[in-house]
Amino acid sequence: MKILTIALHKDGKLIPASFELIEAAKSIGGELYTAVLAGNAEPQANELASRGGGKVLAVSHESLDLYNDQVYATVLTALIAKYTPDLVLGPASFYGKALFGRLAALNGGAQASDATGLAMDGDNIVATRPSYGGSVVSEVVKNGGGPFFVTVRGKCFAESKDGGGEVIAEAVDGSAFDSQMTIKESKVESGGAVSVAEADIIVSAGRGLRAAEHLPMIAELADSLGAAVGASRAIVDAGWTPYSQQVGQTGKTVNPKLYVAVGISGAIQHLVGMRSSRTIVAVNKDKDAPIFNVANYGIIGDAFEIVPALTRKFTAELK
Ligand SMILES: Cc1cc2nc3c(=O)[nH]c(=O)nc-3n(C[C@H](O)[C@H](O)[C@H](O)COP(=O)(O)OP(=O)(O)OC[C@H]3O[C@@H](n4cnc5c(N)ncnc54)[C@H](O)[C@@H]3O)c2cc1C
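As a starting point, this report considers the structure included with it.

Conventions we followed
- All residue numbers here refer to positions counted from 1 along the written sequence of the relevant chain.
- This being a predicted model, a pLDDT of at least 70 is required before a residue's local features are given, and a value of 80 or more before pairs of side-chain atoms are given or counted; all residues contribute to the totals for chains, interfaces and linings.
- To define axes, lines are fitted to C-alpha atoms, for helices over the stretch in contact only, and angles between the resulting N-to-C directions are given on a 0 to 180 degree scale.
- The helix count covers DSSP runs of H or I at least four residues long, the strand count covers runs of E at least two residues long, and both are numbered beginning at the N terminus.
- By definition in this entry, angles of less than 35 degrees are roughly parallel, angles greater than 145 are roughly antiparallel, angles of 65 to 115 are roughly perpendicular, and the rest are oblique.
- With the far helix as reference, a near helix turned anticlockwise by less than a right angle produces a left-handed crossing, and one turned clockwise produces a right-handed crossing.
- Residue pairs qualify as contacts under a 7 Å threshold applied to their C-beta atoms, which are placed from the backbone.
- The criterion for a residue being near a molecule or strand is a backbone-placed C-beta atom within 6 Å of that molecule or strand.
- Note on residue categories: nonpolar means Ala, Val, Leu, Ile, Met, Phe, Trp, Tyr, Cys or Pro, charged means Asp, Glu, Lys or Arg, and polar means any other residue, Gly included.
- Residues enter a nonpolar core if they are buried, belong to Ala, Val, Leu, Ile, Met, Phe, Trp, Tyr or Cys, and are joined to the set through C-beta atoms within 7 Å.
- Buried means a residue has 20 or more other C-beta atoms within 10 Å of its own C-beta, exposed means 12 or fewer, and partly exposed covers the counts in between; C-beta atoms are placed from the backbone.
- For two strands to pair, DSSP has to find at least two bridges joining them.

**Quick notes on the packing of helix H5 (residues 216-225) against helix H9 (residues 303-318)**
Stage number 1. H9 packs onto H5 with a crossing angle of 25 degrees between their chain directions and a minimal axis gap of 8 Å. When the axis of H5 is compared with that of H9, the two are roughly parallel. In terms of crossing hand, the pair formed by H5 and H9 is left-handed. Taking contact as the criterion, the partners of Met217, Ile218, Glu220, Leu221, Ser224 and Leu225 in H5 are, on H9, Val307, Pro308, Leu310, Thr311, Phe314, Thr315 and Leu318.

Have a look at this one:
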């Protein structure tokens, strides 16, 4: 069994999911490869090697500085042809999902998205993935040839900490870097110090906050917990907060240790993005709000009294 994980980076820094994928690969065992593509991939390759990435395939080229689906997919296809992995793992992030559809098509493989677990059943690799908003959990195996391409949901595996690895600088044919599009600039949208996709704790706000000027109250609670700030679509559509914070069907799927929903009713489109969180706390003044059906802890009351009280408590206890 050969497994290739694809490490991705943002602003020159490997995203935590890159290390979670190494642990995911180790959970089923086999010969491990990790690919990293960048303008200069050497520092990232060294870090991956020191954190158990196995044989780390480093491709450096100026056109890899900014993420481009087409170029990344072509370069990775060349590595897949050379190393013939049975399983290719990537993050179930915005970029990972876009990349893996292309990779599966280019390499004649099967794809499973947003897996929360991996296992072996005889010779078959089994990817577990929630569907229908977590109401159904499917076990997906691949039929036929080609590698199995699986994107893995964030926070389902711990990050790899250490372990020896070997960096292999890969030279890829020049035509692989040609693209019909040029990415000129990539800007990180503002939306809180911690990104919701990577956070262990998220405090999300909904329309119950009544107006954008009340959102600092949520940011203060998030600060007191070292959390990221999330949002329901209602307040993103209202222009109170950027789309990068939206959790749900048309926003991000998150999987933190703790999710605090404040003034969010719990519409199904919101729940599908957060119901796999380990612990859910809901603050809502309506005792019948559907959010309480998925919450482990519910606080029935006015957010304008409860949120400042929680912030004071956490600030005193945790700082
Ligand atoms: C195709 C489609 C895709 C969608 N995608 C998403 C998505 O990705 N993410 C998403 O979130 N939504 C999504 N939606 C919208 C979704 O259906 C809901 O409209 C939205 O989630 C509601 O947001 P909300 O809970 O903030 O607002 P509301 O439903 O208006 O709920 C506000 C809540 O605040 C409570 N409240 C009011 N005042 C207070 C107070 N003082 N203290 C405490 N609680 C209070 C109320 O009791 C209520 O439960 C989508 C909808 C469609 C049709």
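**Here's the deal with the site of the ligand**
Stage number 1. In the vicinity of the ligand there are 28 residues, among which Gly206, Gly208, Ser232, Arg233 and Gly248 approach most closely.
Stage number 2. Breaking the shell around the ligand down by element, the ones donating at least two residues are helix H6 (233-237), helix H7 (268-274), strand E16 (279-284) and H9.
Stage number 3. Class assignment of the residues belonging to the shell around the ligand gives a composition of 9 nonpolar, 14 polar and 5 charged.

**Looking at the nonpolar core**
Stage number 1. Core analysis: the largest hydrophobic core is formed by 57 residues, its most contacted members being Ala35, Val36, Leu37, Val75, Leu76, Leu89 and Val150.
Stage number 2. Broken down by element, this core gets its largest block of residues, 7 residues, from helix H3 (residues 69-83).
Stage number 3. Those residues within four positions of Leu37 in sequence are excluded, and the remaining contacts are Val59, Leu64, Tyr72 and Val75.
Stage number 4. With 34 residues, the next largest nonpolar core counts Val196, Ala205, Ala261 and Leu271 among its residues.

**Some points on the sheet that holds strand E13 (residues 201-205)**
Stage number 1. Spatially, E14-E13-E15-E16-E17 is the arrangement adopted by the 5 strands of the open sheet, whose pairing is parallel. Looking along the sheet, the strands with just one partner apiece sit at the ends: strand E14 (228-231) and strand E17 (297-300). Recorded for the sheet is a direction-independent mean angle of 20 degrees between the axes of neighbouring strands.
Stage number 2. Pairing of strand E15 (residues 258-262) with E16, which is carried by 5 bridges, proceeds in the parallel orientation. By the bridge assignment for E16, Leu258 is matched with Thr279.
Stage number 3. On the sheet, H5 packs against E13, E14 and E15 and is oriented at approximately 170 degrees with respect to E13.
Stage number 4. Strands E15, E16 and E17 of the sheet are contacted by H9, whose axis makes an angle of about 135 degrees with E16.

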